[in-house]
Amino acid sequence: MKHSIKIRINGQWYLGDVETGMTLLQFIRDEAGLTGTKAGCENGECGACTVLMDGKPVRSCIILAVEADGSEILTVEGLREGDKLHPLQQSFIETGAAQCGFCTPGMLIAGKALLDKNSNPSKEEIMEALGGHLCRCTGYKSISKSVEIAIDKIK
Ligand code: FES
Ligand code: FES
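Residues numbered from 1 in each chain as written. Chains lettered and ligands numbered in written order. Predicted model: local features only at pLDDT ≥ 70, side-chain atom pairs only at ≥ 80, totals over all residues.

1. Quick word on the environment of Cys135
Step number 1: Mapped onto the elements of the fold, Cys135 is located in the loop between α4 (123-130) and α5 (141-154).
Step number 2: Residues Cys135 and Gln89, 46 residues apart in the sequence, show an inter-C-alpha distance of 17 Å.
Step number 3: Those residues in contact with Cys135 that lie beyond four places of it in its chain are Cys103, Tyr140 and Ile143. (Helix = DSSP H or I, 4+ residues; strand = E, 2+ residues; numbered from the N terminus. Contact = placed C-beta atoms within 7 Å.)

2. Here we look at the packing of helix α2 (residues 87-95) against helix α3 (residues 104-117)
Step number 1: Where α2 contacts α3, the axes come no closer than 10 Å and their chain directions differ by 130°. Taken together, the axes of α2 and α3 are oblique relative to one another. Viewed along their axes, α2 and α3 form a crossing whose handedness is right-handed. Of α3, the residues touching α2 (which contributes Leu88, Gln89 and Phe92) are Thr104, Leu108, Gly111 and Lys112.
Step number 2: Of the residues contributing to the contact of α2 with α3, the split by class is 3 nonpolar, 3 polar and 1 charged. (Axes fitted to C-alpha atoms, helices over the stretch in contact; angles between N-to-C directions. Parallel < 35°, antiparallel > 145°, perpendicular 65-115°, else oblique. Left-handed = near helix turned anticlockwise from the far one by under 90°. Nonpolar A, V, L, I, M, F, W, Y, C, P; charged D, E, K, R; others polar.)

3. Some points on the domain arrangement of the protein chain
Step number 1: Examined at the domain level, the protein chain breaks down into domain 1 (2-78) and domain 2 (87-154).
Step number 2: Computed from C-alpha coordinates alone, the two centres of domain 1 and domain 2 are separated by 21 Å.
Step number 3: Listed as interface residues are 15 residues of domain 1 and, on the opposing side, 13 residues of domain 2.
Step number 4: Put simply, the parts of the chain that give the side of domain 1 that touches domain 2 at least two residues each are β3 (50-53) and β4 (56-59).
Step number 5: At 3 residues, the largest contribution of residues to the side of domain 1 that touches domain 2 is made by β3. (Domains from an automatic or database assignment.)

4. Quick look at α2
Step number 1: Among the residues of α2, Pro87, Leu88, Gln89, Ser91 and Phe92 are the ones counted as buried.
Step number 2: Those residues of α2 that are buried are in contact with α3 and α5. (Buried ≥ 20, exposed ≤ 12 C-beta atoms within 10 Å, placed from the backbone.)

5. A few points about the pairing of β3
Step number 1: Pairing between β3 and β4: 4 bridges, direction antiparallel. Bridge pairing in β4 places Leu52 opposite Pro57.
Step number 2: Here β3 runs beside strand β5 (residues 72-74); their pairing, made up of 2 bridges, is antiparallel. Following the sheet pairing, Met53 is matched in β5 by Ile73. (Pairing = 2+ DSSP bridges.)

6. Overview of the sheet that holds strand β1 (residues 2-9)
Step number 1: On the basis of which strands lie adjacent, the open sheet formed by 5 strands has the order β2-β1-β5-β3-β4 and mixed pairing. The open sheet has two free edges, formed respectively by β2 (12-19) and β4, since each of these has just one partner strand. Between one strand and the next, the sheet's axes are offset by a mean angle of 40°, whatever the strand orientation.
Step number 2: Contacting β1, β2, β3 and β5, helix α1 (residues 24-31) runs over the sheet at an angle of about 115° to β2.
Step number 3: Across the sheet, α3 lies against β3 and β4, angled at about 35° from β3, the strand it touches most.

7. What about the nonpolar core?
Generally speaking, nonpolar side chains in soluble globular proteins are found buried as a group.
Step number 1: Membership of the largest hydrophobic core comes to 43 residues, with the highest contact counts inside it found for Leu24, Phe27, Ile28, Val51, Ile73 and Leu108.
Step number 2: Among the secondary structure elements, those contributing two or more residues to this core are β1, α1, β3, β5, α2, α3, α4 and α5.
Step number 3: Take this core: its biggest share by element is 6 residues, from α3.
Step number 4: Shared between two domains, this core takes at least three residues from each, and those domains are domain 1 (2-78) and domain 2 (87-154).
Step number 5: Residues within four places of Ile28 in sequence aside, it is in contact with Ile9, Leu34, Thr37, Val51, Ser60, Ile73 and Thr75. (Core = buried A, V, L, I, M, F, W, Y, C linked by C-beta atoms within 7 Å.)

Pasting the structure below:
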């Protein structure tokens, strides 16, 4: 069965006739063509597919597209501010926190969600916010350091 839905992603509305079982992740990648959001485990466990949905971080692989009908989504492509990278993106580059880069979009969105609600989080709060995100490359230190550097940049 098909459903007509519309989802606002990074400020632009995307319309689609989607099957009931299509996930928000599939809608973002296949219907909107925004492939920055990664498909990892597709089981809600790795965090690679994290986006903001109405301002809250969600794992888009376990949300149905129909459940997101009418919602506002922010993906990694929407992080930059005009011509400038978001401070989190800048600091990830500076510290080498993105290696293979597969986890990076989800980490960046988790970092943004944290800084949106708490502009001066402690190290523990940073680790807690990133805690459910798996990275096979960096050992997490450079990622948490990047968030600390971004906090200074934003100040
Ligand atoms: S791809 Fe969604 S949590 Fe892993
Ligand atoms: S940078 Fe490779 S999985 Fe995190």
